[in-house]
Amino acid sequence: MSFGVFEDYLLNWNHMIRRTIVKGRENYSSVKLQNREEYIKMPLCRFETNISNVPKDFHILLSNLVADILGKPLEKVSVAVYPGLQMCRGGTDDPTCQLFIWSIGVFGVEQNPKYAGPLYELIKEKLGIPDDRIVVVFHDLKPHELVRPL
């Protein structure tokens, strides 16, 4: 979903909620909108590497960087780091990594290269993994794909 379509989606939700509240029937729909807005701020990150000695604060550094480059609140960013995995890239087990980031409404053809640069730099600086051994994948989520119990 492109940002324009996503923005239209939120505006439609907002219009529906305002119409419901104006009629004096504040109900479940207003709760749904509040939850949906919270979901928009929830990037999820999974970092996998075959390097065993990842710095103890790497997850914090990555979390801060993801919040900064995506413009999301730090308290909504989730990061999981999986070091010491059996991994290969290009048929060798030289140091390598994969970073997967899921978020709503921030990824696109124009934005992705801007996000990738700082991520590659952090990985190269902290782990010494060269560019050609780093894989970064962005997943654009739809709002309904992140769920909580009601």
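Residues numbered from 1 in each chain as written. Predicted model: local features only at pLDDT ≥ 70, side-chain atom pairs only at ≥ 80, totals over all residues. Heavy atoms only, no water.

(A) Summary view of helix H3 (residues 58-70). Over its 13 residues, H3 extends 18 Å from the first C-alpha to the last, a length consistent with the 18 Å expected when each residue adds 1.5 Å. Those residues of H3 that fall on the buried side of the exposure criterion are Phe-58, Leu-62, Ser-63, Leu-65, Val-66, Ala-67, Ile-69 and Leu-70. The elements touched by buried residues of H3 are strand S1 (44-49), strand S2 (78-82), strand S3 (97-104) and helix H4 (112-127). Residue Gly-71 follows H3 closely and has a positive phi angle near 70°. (Helix = DSSP H or I, 4+ residues; strand = E, 2+ residues; numbered from the N terminus. Expected span 1.5 Å × (residues − 1). Buried < 20%, exposed > 50% of the residue type's maximum accessible area, 1.4 Å probe, protein only. Contact = heavy atoms within 4.5 Å.)

(B) Fine view of the side chain of Ser-63. Residue position: Ser-63 is located in helix H3. For Ser-63, a relative accessible area of 10% corresponds to the buried category.

(C) A look at the pairing of S2. Relative to S2, S1 runs parallel, the two being bridged by 5 bridges. Within the sheet, the bridge partner assigned to Glu-48 lies in S2 and is Tyr-82. (Pairing = 2+ DSSP bridges.)

(D) Summary view of the nonpolar core. One finds Ile-101 and Leu-119 to be the most contacted residues of the largest nonpolar core, which totals 26 residues. Those elements that place two or more of their residues in this core are S1, H3, S3, H4 and strand S4 (134-141). In this structure, Ile-101 is in contact with Leu-44, Cys-45, Val-66, Leu-70, Phe-107, Leu-119, Val-137, Phe-138 and His-139, ignoring residues within four places of it in sequence. (Core = buried A, V, L, I, M, F, W, Y, C linked by side-chain atoms within 4.5 Å.)

(E) The arrangement of the packing of H3 against H4 in detail. Where H3 meets H4, the closest approach of the two axes is 10 Å, and the angle between their N-to-C directions is 165°. When the interaxial angle is binned, H3 and H4 end up roughly antiparallel. Crossing handedness for the pair H3 and H4: right-handed. Two secondary-structure elements touch here, H3 through Phe-58, Leu-61, Leu-62, Leu-65, Val-66, Ile-69 and Leu-70 and H4 through Tyr-115, Pro-118, Leu-119, Leu-122, Ile-123, Lys-126 and Leu-127. (Axes fitted to C-alpha atoms, helices over the stretch in contact; angles between N-to-C directions. Parallel < 35°, antiparallel > 145°, perpendicular 65-115°, else oblique. Left-handed = near helix turned anticlockwise from the far one by under 90°.)

(F) Structural detail: the sheet that holds S4. Strand order across the open sheet formed by 4 strands is S2-S1-S3-S4, with mixed pairing between neighbours. Each edge of the open sheet is held by one strand with a lone partner, namely S2 and S4. Here the strands of the sheet are splayed against their neighbours by 10° on average, with no regard to which way each runs. Set on the sheet, H3 makes contact with S1, S2 and S3; between it and S2 the angle comes to about 140°. Across the face of the sheet, H4 comes into contact with S1, S3 and S4 while running at roughly 140° to S4.

(G) Structural detail: the pattern of salt bridges. The full count for this structure, using the stated rule, is 4 salt bridges. Between Arg-46 and Glu-48 there is a salt bridge, with its nearest N and O atoms 2.5 Å apart. On the basis of relative accessibility, which here comes to 30%, the residue Arg-46 falls in the partly exposed class. Residue class for Glu-48 comes out buried when judged on its relative accessible area of 12%. Here the residues in one salt-bridge network are Glu-121, Lys-124 and Asp-131, joined through shared partners. (Salt bridge = Lys/Arg side-chain N within 4 Å of Asp/Glu carboxyl O.)

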